[in-house]
Every structure is written in structure tokens, then in C-alpha cells.
Amino acid sequence: LATIGAIHKEPATAGNCVTRGALAYTNEMYPGAYLAGEGTAYVSVGGDAIVGNSAKDMPEDATDADMAYAVRGEGNAQRVAYTSYEAVCGEGEVTGDGVVPLAWSE
């Protein structure tokens, strides 16, 4: 079973879960490597490309992604990542793939 960029941890408070309870349900009904005993192997792939940053200022080494977010009024890729990470784990200044914090994809 392979997951790519998926969230695997529940937030500290259920009201903040971006999966609206799907993680809690899955972890309760199918804890850990649930099917490992039946021969299913598990691998999770997470990204470590963007550190979240709440500043909307354009970085000096702006990318095409930064420019696209700026046009949409969202600042830059690090700002968008910050907002996403904060929604997932409660902290924005962590590293991840731009949507899911790396530590939460493990």
C-alpha cells in the first residue's frame, strides 16, 4: 500500500481536522499497519520542498509558483504552504510538500 503526500496523523483537537474525522475513523478501525500480518507492505512518500512562512513578501529568488500565487493575491508559495500546514498540524513554519507537512505524512 503506497500513499503519496497523504496526511497520516490526527490533529490534537478533532475540530481542526481537515479530513473531517476520516483520519480518526481510519486510525480507530484500522490502527497502525493493520494488514501487515496478511502480507501487505506499507510505504508513505512525503515532500520536503517548502518551509512555510507567513510573510506575503515576494522572496528574492521568486519562482513561477510564487508569481502565480501573487497574481491570485495569496502572496507566495511559502505563504500558501504556511496556511495549509497550519490547517493540518497547527503549525505553519514547518517543512513539507506545500500542502502536507512532512512529519504528518509518516
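Described in the following lines is the structure provided in the data block.

Cut-offs and rules
Residues numbered from 1 in each chain as written. Predicted model: local features only at pLDDT ≥ 70, side-chain atom pairs only at ≥ 80, totals over all residues. Heavy atoms only, no water. Helix = DSSP H or I, 4+ residues; strand = E, 2+ residues; numbered from the N terminus. Expected span 1.5 Å × (residues − 1). Buried < 20%, exposed > 50% of the residue type's maximum accessible area, 1.4 Å probe, protein only. Contact = heavy atoms within 4.5 Å. Polar contact = N/O pair within 3.5 Å; in protein donor to acceptor, adjacent residues only side chain to side chain. Patch = residues over 30% accessible without salt bridge, like charges linked within 9 Å, V, L, I, M, F, W, Y side chains within 5 Å. Areas by Shrake-Rupley, 256 points an atom, 1.4 Å probe, with all protein chains shown as cover. Salt bridge = Lys/Arg side-chain N within 4 Å of Asp/Glu carboxyl O.

Side note on helix H3 (residues 77-89)
Residues that lie three or four places apart on an α-helix share one face, since the helix turns once every 3.6 residues.
1) Next: Spanning 13 residues, H3 covers 18 Å between terminal C-alpha atoms, matching the ideal 18 Å at 1.5 Å per step.
2) Next: If you check which residues of H3 are buried, you get Ala77, Val80, Ala81, Tyr82, Ser84, Tyr85, Val88 and Cys89.
3) Next: As for H3, its buried residues are in contact with strand S3 (50-51), helix H2 (64-71) and strand S4 (95-96).
4) Next: Where H3 begins, one side-chain oxygen reaches toward the backbone nitrogen of Gln78, 3.0 Å away; that side chain belongs to Asn76.
5) Next: Once H3 finishes, Gly90 follows within two positions and takes phi at roughly 90°, a positive value.

A word on a nonpolar patch on the surface
1) Next: Where nonpolar side chains cluster on the molecular surface, the patch consists of Leu1, Tyr25, Met29, Tyr30, Tyr34, Leu35 and Tyr42 and spans about 710 Å² of accessible area.
2) Next: Along the chain, Tyr34 turns up in the loop between helix H1 (22-29) and strand S2 (43-45).

Comments concerning the side chain of Ser84
1) Next: Take Ser84: it is sitting in helix H3.
2) Next: For Ser84, the contacting residues outside a window of four places in its chain are Gly98 and Val99.

Focus: the environment of Tyr34
1) Next: Given the relative accessible area of 44%, Tyr34 is considered partly exposed.
2) Next: As a C-alpha pair, Tyr34 and Asp48 span 14 residues in sequence and 27 Å in three-dimensional space.
3) Next: In contact with Tyr34, not counting residues within four places along its chain, are Met29 and Tyr42.

Nothing here speaks to function; it is all geometry.
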